[in-house]
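Listed below are the residues making up each chain.
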Amino acid sequence: MNYKNLVRIALRALNNNKFRGFLTMLGIIIGVASVIAMLAIGQGSKRSIRAQISEMGSNMIMIHPKFDRGAGVRLSASDMQSLKLTDYQAILNESTWVAAVSPSVNASGQAIYGANNTPTTAYGISPEYLDIRKYQVGQGEMFTESDIHSAAKVCVVGQTVVDELFTNGESPLGKTIRFDKIPLRIVGVLTSKGYNSMGQDQDDLILAPYTTVQKRMLAITYLQGIFCSALSEELTDRAVEELSDILRRTHKLSETAEDDFEIRSQEELSSMLSSTTEMMTVLLACIAGISLLVGGIGIMNIMYVSVTERTREIGLRMSIGAKGRHILFQFLIEAVIISVMGGIIGVLLGIGASAAIKYLAGWPVYVQVYSVILSFAVCTVTGIFFGWYPAQKAARLDPIEAIRYE
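Conventions adopted
- Each residue is numbered by its place in its chain's sequence as written, counting from 1.
- For a predicted model such as this one, the threshold for reporting local features is a pLDDT of at least 70, and the threshold for listing and counting side-chain atom pairs is 80 or more; totals across whole chains, interfaces and linings nevertheless cover every residue.
- With hydrogens and water set aside, each side-chain value is computed from the structure's full complement of heavy atoms.
- UniProt positions are given in the numbering used here, feature names are shortened, and annotations may be inferred rather than shown by experiment.
- Whether a residue is buried, partly exposed or exposed follows from its accessible area with a 1.4 Å probe, protein chains only, as a fraction of its type maximum: under 20%, in between, or over 50%, in that order.
- Under the scheme used here, helices are H or I runs from DSSP no shorter than 4 residues and strands are E runs no shorter than 2 residues, and both carry numbers assigned from the N terminus.
- By definition, two strands form a pair when at least two bridges between them are found by DSSP.
- pLDDT expresses how confident the predictor is about each individual residue, on a scale running from 0 to 100.
- Between the rings of Phe, Tyr and Trp (Trp by its six-membered ring), a pair exists once the centres lie within 6.5 Å; its type follows the angle of the planes, with under 30 degrees stacked, over 60 edge-to-face, and the other angles tilted.
- Geometrically, a charge over a ring is one whose NZ (Lys) or CZ (Arg) sits within 6 Å of the ring centre while staying within 35 degrees of the ring normal.
- In this description, a line fitted to the C-alpha atoms serves as the axis of each element, helices being fitted only across the stretch in contact, and the angle between N-to-C directions of two axes falls anywhere from 0 to 180 degrees.
- Each angle is binned into one of four classes, with values under 35 degrees roughly parallel, values over 145 roughly antiparallel, values of 65 to 115 roughly perpendicular, and all other values oblique.
- Whether a crossing is left-handed or right-handed is set by the direction in which the near helix is turned from the far one by less than a right angle, anticlockwise for left-handed and clockwise for right-handed.
- When residue character is reported, Ala, Val, Leu, Ile, Met, Phe, Trp, Tyr, Cys and Pro are called nonpolar, Asp, Glu, Lys and Arg charged, and the others, Gly included, polar.
- Here, nonpolar core means buried Ala, Val, Leu, Ile, Met, Phe, Trp, Tyr and Cys residues that are tied together by side-chain atoms lying within 4.5 Å of each other.
- Working rule for contacts: check all heavy atoms of both residues, and any pair within 4.5 Å makes them a contact.
- Definition used for salt bridges: Asp or Glu carboxyl oxygen within 4 Å of a side-chain nitrogen of Lys or Arg.
- Arc definition: it is the arc formed by the directions from the helix axis to the C-beta atoms.

- Per an unreviewed UniProt entry, the protein chain is named Macrolide export ATP-binding/permease protein MacB, and its organism is Rikenella microfusus.
- Database annotation for the protein chain, UniProt heading Sequence similarities (unreviewed entry): "Belongs to the ABC-4 integral membrane protein family."
- Regarding the protein chain, the relevant UniProt record gives this comment under Subcellular location (unreviewed entry): "Cell membrane".

Right under this line is the structure:
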């Protein structure tokens, strides 16, 4: 069997019907391009989410009071009083898998400077909060432990607060703003972080000593939360388990008692968002893959037409010695050429479309090699699968009946 001649015959047959061949390829081209573009968008979104979570602190662990569902009065988690400063001290002194820990209390209100004001949130934390949340002080400095002990009226502000309050472009360092009725002297300005994956402005905040927010703003003694960071992302689960043991002991909970606190990690959030993104990516890829199925049906349809049109040619070739397998491979090669050429064009179009989406729409896009290989392999298999039956039909034609065919 001379495969070179079979390929030449197949190419000649396709050349005789260029436009029909291109229309047949179109389904494959659109299908491959769509699959590559959809997978690129999904993978880009996944990487973007992971990057933004990493900027927030990929090994961050958040502890909050557990919502009390059994109480007669419906209380939010921030109103629960199950977390105390003793819990913070216990974690600080006893934990071995935790790199940093900070208490957390917050109050919402108006920040005021002169005639300007803006709604924002004041977070009462310790200096370790910067390492946990990956914040950096761009101007000035962070408040100190002595400021915490004295409940000093000092703060570090985010760039959004600076832009809203200091509209004339003056330096905010050393200036005194009011948060509701409490005066706070600005000792530092945070480096801008922008918006996170949930659309929250990470620069719209005021950081103050947790004692200042507790005593001067909220007049409470309990904590609304505790933020920690594990020694590494891989050790997050161990850190969570250790934190749970410490808190159950400090809260004097029995073995059968439920936790009165909740522990959440960024790894848990990252996994949840990644699984959601992956599910959406697979869904989009499946929808795009329908085009490949339609393209394959188009190949089968055109090959049936081709077999019918060339029935006399098939009969003549068989009468001069061509065997059934020669006819089979001739038409099968035509189907494969259509799908492979369509796949090549589709790959180029898919990569081009992904690049256009990235630069024109500004979406996070990442083309993976496996998606290109997978799409190309699927379109090749599609050509073989949908071209096999028409080719088989051609190979089984009776030579005498084929020659007589009108």
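1. Re the pairing of strand S6 (residues 176–179)
Moving residue by residue along a regular strand, the side chains alternate between the two faces of the sheet.
Phase 1 of the analysis: Only one face of S6 is buried: it carries Ile 177 and Phe 179, and the other face, with Thr 176 and Arg 178, is open.
Phase 2 of the analysis: One ladder, built from two bridges, connects strand S2 (residues 98–113) with S6; its direction is antiparallel. Across the sheet, residue Ile 112 finds its bridge partner in S6, namely Arg 178.
Phase 3 of the analysis: Judged from the four bridges that link them, S6 and strand S7 (residues 182–190) form a sheet pairing that is antiparallel. Within the sheet, the bridge partner assigned to Ile 177 lies in S7 and is Leu 184.
Phase 4 of the analysis: Between S6 and S7, which follow one another and run antiparallel, lie two residues, and Asp 180 among them has a positive phi close to 55°.

2. Here we look at the confidence of the model for the protein chain
Phase 1 of the analysis: For the protein chain, mean pLDDT is 82; residues scoring 70 or higher make up 87% of the total.
Phase 2 of the analysis: Within the protein chain, strand S8 (residues 206–209) carries the highest mean pLDDT (96), whereas helix H13 (residues 399–404) carries the lowest (65).

3. A short note on the packing of aromatic side chains
Phase 1 of the analysis: Tallied over the full model, the rule gives three aromatic pairs.
Phase 2 of the analysis: Look at Tyr 129 and Phe 227: their rings are 5.5 Å apart centre to centre, the planes differ by 85°, and that puts the pair in the edge-to-face class. Note that Tyr 129 is positioned in helix H4 (residues 129–133) and Phe 227 in strand S9 (residues 225–230), a separation of 98 residues in sequence. Neither Tyr 129 nor Phe 227 differs from the other in exposure class; each is buried.
Phase 3 of the analysis: The ring of Tyr 135 carries the charged tip of Lys 193 above its face, separated from the ring centre by 4.6 Å.

4. Some details on the packing of helix H11 (residues 324–361) against helix H12 (residues 369–395)
Phase 1 of the analysis: Remark: H11 packs on H12, axes separated minimally by 7 Å, with the N-to-C direction vectors making an angle of 155°. Classified by the angle their axes make, H11 and H12 are roughly antiparallel. Pair H11 / H12 crosses with right-handed handedness.
Phase 2 of the analysis: The residue makeup of the contact of H11 with H12, split by class, is 18 nonpolar, seven polar and no charged.

5. Quick notes on the nonpolar core
Phase 1 of the analysis: Counting residues in each nonpolar core, the largest one holds 60 residues, and the members touching the most others are Ile 63 and Ile 206.
Phase 2 of the analysis: For Ile 63, the residues in contact, after removing those within four places along its chain, are Leu 83, Ile 91, Gly 225, Ile 226, Cys 228, Leu 243, Leu 247, Phe 261, Glu 262 and Ile 263.

6. Regarding the pairing of strand S10 (residues 261–265)
Phase 1 of the analysis: Here S10 shows a clear split, with Phe 261, Ile 263 and Ser 265 buried on one side and none of Glu 262 and Arg 264 buried on the other.
Phase 2 of the analysis: In the sheet, strand S1 (residues 60–65) pairs with S10 via five bridges, with the strands oriented antiparallel. Residue His 64 lies in a different strand from S10, and its bridge partner there is Glu 262.

7. Section: the packing of helix H10 (residues 311–319) against H11
Phase 1 of the analysis: Running from N to C, H10 and H11 cross one another at 140°; their axes reach a closest spacing of 10 Å. Taken together, the axes of H10 and H11 lie oblique to each other. Crossing hand, H10 versus H11: right-handed. Here Glu 313, Ile 314, Arg 317 and Met 318 of H10 lie close against H11, whose contacting residues are Gly 324, Ile 327, Gln 330 and Phe 331.
Phase 2 of the analysis: Considered class by class, the residues forming the contact of H10 with H11 number four nonpolar, two polar and two charged.

8. Side note on the UniProt feature "transmembrane region" (unreviewed entry) in the protein chain
Phase 1 of the analysis: Under the feature "transmembrane region" (unreviewed entry), the UniProt entry names residues 21–42, 279–307, 328–357 and 369–389.
Phase 2 of the analysis: This span, residues 328–357, is 100% helix and 0% strand, and a straight line between its end C-alpha atoms measures 42 Å.
Phase 3 of the analysis: End C-alpha atoms of residues 369–389 are separated by 32 Å, and the span's content is 100% helix alongside 0% strand.

9. Section: unusual backbone geometry
Phase 1 of the analysis: At Lys 134, a position not held by glycine, the phi torsion is positive, near 60°.
Phase 2 of the analysis: Here Lys 134 is to be found in the loop between H4 and strand S4 (137–140).
Phase 3 of the analysis: Even without being glycine, Ala 151 reaches a positive phi, approximately 50°.
Phase 4 of the analysis: In this fold, Ala 151 is placed in the loop between helix H5 (145–149) and strand S5 (154–157).
Phase 5 of the analysis: Judged by its relative accessible area of 5%, Ala 151 is buried.

10. Things to note about the pattern of salt bridges
Phase 1 of the analysis: Throughout the structure, instances matching the rule amount to three salt bridges.
Phase 2 of the analysis: Glu 258 is the partner of Lys 66 in a salt bridge, and the nearest nitrogen-oxygen pair spans 3.7 Å. On the criterion of sequence distance, the pair formed by Lys 66 in the loop between S1 and helix H3 (85–94) and Glu 258 in the loop between helix H8 (236–250) and S10 is long-range, its members being 192 residues apart.

11. Points about H10
In an α-helix there are 3.6 residues to a turn, and that puts residues three or four apart on one side.
Phase 1 of the analysis: Among the residues of H10, those classed as buried are Thr 311, Ile 314, Gly 315, Arg 317 and Met 318. Seen from one end, H10 has its buried residues packed into an arc of 165°, which puts them on one side.
Phase 2 of the analysis: Downstream of H10 by a residue or two, Gly 321 has a phi angle that is positive, lying close to 115°.

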